[in-house]
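# Summary of the model geometry
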Amino acid sequence: MGDNIIKLKSFAFALRIVKLYQFLCVEKKEFVLSKQLLRSGTAIGALVRESEHAESKPDFIHKLAIAQKEANESDYWLELLFQSEYLNESQFHSLNSDIVEINKLLASIIITTKKNLKK
């Protein structure tokens, strides 16, 4: 995967989400919220990958903006799982710090690309 930090982090996050989904289904018998998190949490990395082959800079920005929306949605599902006591505080904070970092990276890439587009 090279040294593309957003690519690496979004893939690692997706892998953590897949494992969390398995845990929630098997150990907690929770299927609805975890499925929503699985969809949004794995979509981030897929959209980052898709952006690598964007047709244009605006298309690149658009794909990463959708990834950012999916990250924001993932943050919501994580918080809901924590508040409903499916996740303990340690699990939540670990995953939450990952998604906050991914959101910051995506925002930075989008802002920089928009600035470079105007030049």
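Refer to the structure above for everything that follows.
Quick summary incoming for the structure in this document. (Residues numbered from 1 in each chain as written. Predicted model: local features only at pLDDT ≥ 70, side-chain atom pairs only at ≥ 80, totals over all residues. Heavy atoms only, no water.)

## Examining the pattern of salt bridges
Side chains that differ in sign of charge can pair as their charged atoms come close. For the structure shown, the criterion picks out five salt bridges. Close ionic contact of D98 with R16 constitutes a salt bridge, the shortest N to O distance being 2.5 Å. One end of the pair, D98, is in helix α4 (residues 89-118); the other, R16, is in helix α1 (residues 5-26), with 82 residues separating them in the sequence. Each of E50, D59 and K63 takes part in one network of salt bridges that share partners. (Salt bridge = Lys/Arg side-chain N within 4 Å of Asp/Glu carboxyl O. Helix = DSSP H or I, 4+ residues; strand = E, 2+ residues; numbered from the N terminus.)

## Notes on helix α3 (residues 57-83)
Taking 1.5 Å of rise per residue, the 27 residues of α3 would be expected to cover 39 Å, and the 39 Å separating its terminal C-alpha atoms lies within 8% of that figure. Listing the buried residues of α3 in full gives D59, F60, I61, K63, L64, A67, A71, S74, W77, L78 and L81. Looking at the buried residues of α3, the elements they touch are α1, α2 (32-51) and α4. For α3, the N-terminal capping position is held by S56, with its side-chain oxygen 3.2 Å away from the main-chain nitrogen of D59. Once α3 finishes, E85 follows within two positions and takes phi at roughly 70°, a positive value. (Expected span 1.5 Å × (residues − 1). Buried < 20%, exposed > 50% of the residue type's maximum accessible area, 1.4 Å probe, protein only. Contact = heavy atoms within 4.5 Å. Polar contact = N/O pair within 3.5 Å; in protein donor to acceptor, adjacent residues only side chain to side chain.)

## Thoughts on unusual backbone geometry
Phi is positive for K29, close to 55°, though the residue is something other than glycine. In this structure, E85 is a non-glycine residue whose phi angle is positive, near 70°. Relative to the helices and strands, E85 is located in the loop between α3 and α4.

## Re α4
When the terminal C-alpha atoms of α4 are compared, their 43 Å separation across 30 residues agrees well with the 44 Å that a helix rising 1.5 Å per residue should span. Among the residues making up α4, those that are buried are F92, L95, N96, I99, I102, N103, L106, I110 and T113. Taken together, the buried residues of α4 touch α1, α2 and α3. Structurally, the start of α4 carries an N-cap: the backbone nitrogen of S90 is 3.0 Å from a side-chain oxygen of N88.

## Here we look at the side chain of T113
Looking at the secondary structure, you find T113 in helix α4. Setting aside anything within four residues of it in sequence, one finds T113 in contact with K57, F60 and I61.

## Quick look at the packing of α1 against α4
One way to put it is that α1 packs onto α4 with a least axis distance of 10 Å and a crossing angle of 150°. As summarised for this structure, α1 and α4 are arranged roughly antiparallel, according to the angle between their axes. Pair α1 / α4 crosses with left-handed handedness. Residue-level contacts link I5, I6, K9, S10, F13, R16, I17, L20 and F23 of α1 to Q91, S94, L95, D98, I99, E101, I102, L105, L106 and I109 of α4. Of the residues assigned to the contact of α1 with α4, the class counts are twelve nonpolar, three polar and four charged. (Axes fitted to C-alpha atoms, helices over the stretch in contact; angles between N-to-C directions. Parallel < 35°, antiparallel > 145°, perpendicular 65-115°, else oblique. Left-handed = near helix turned anticlockwise from the far one by under 90°. Nonpolar A, V, L, I, M, F, W, Y, C, P; charged D, E, K, R; others polar.)

## Comments concerning the environment of K35
Mapping K35 onto the fold places it in helix α2. With ten residues separating them along the chain, K35 and C25 place their C-alpha atoms 9.1 Å apart.

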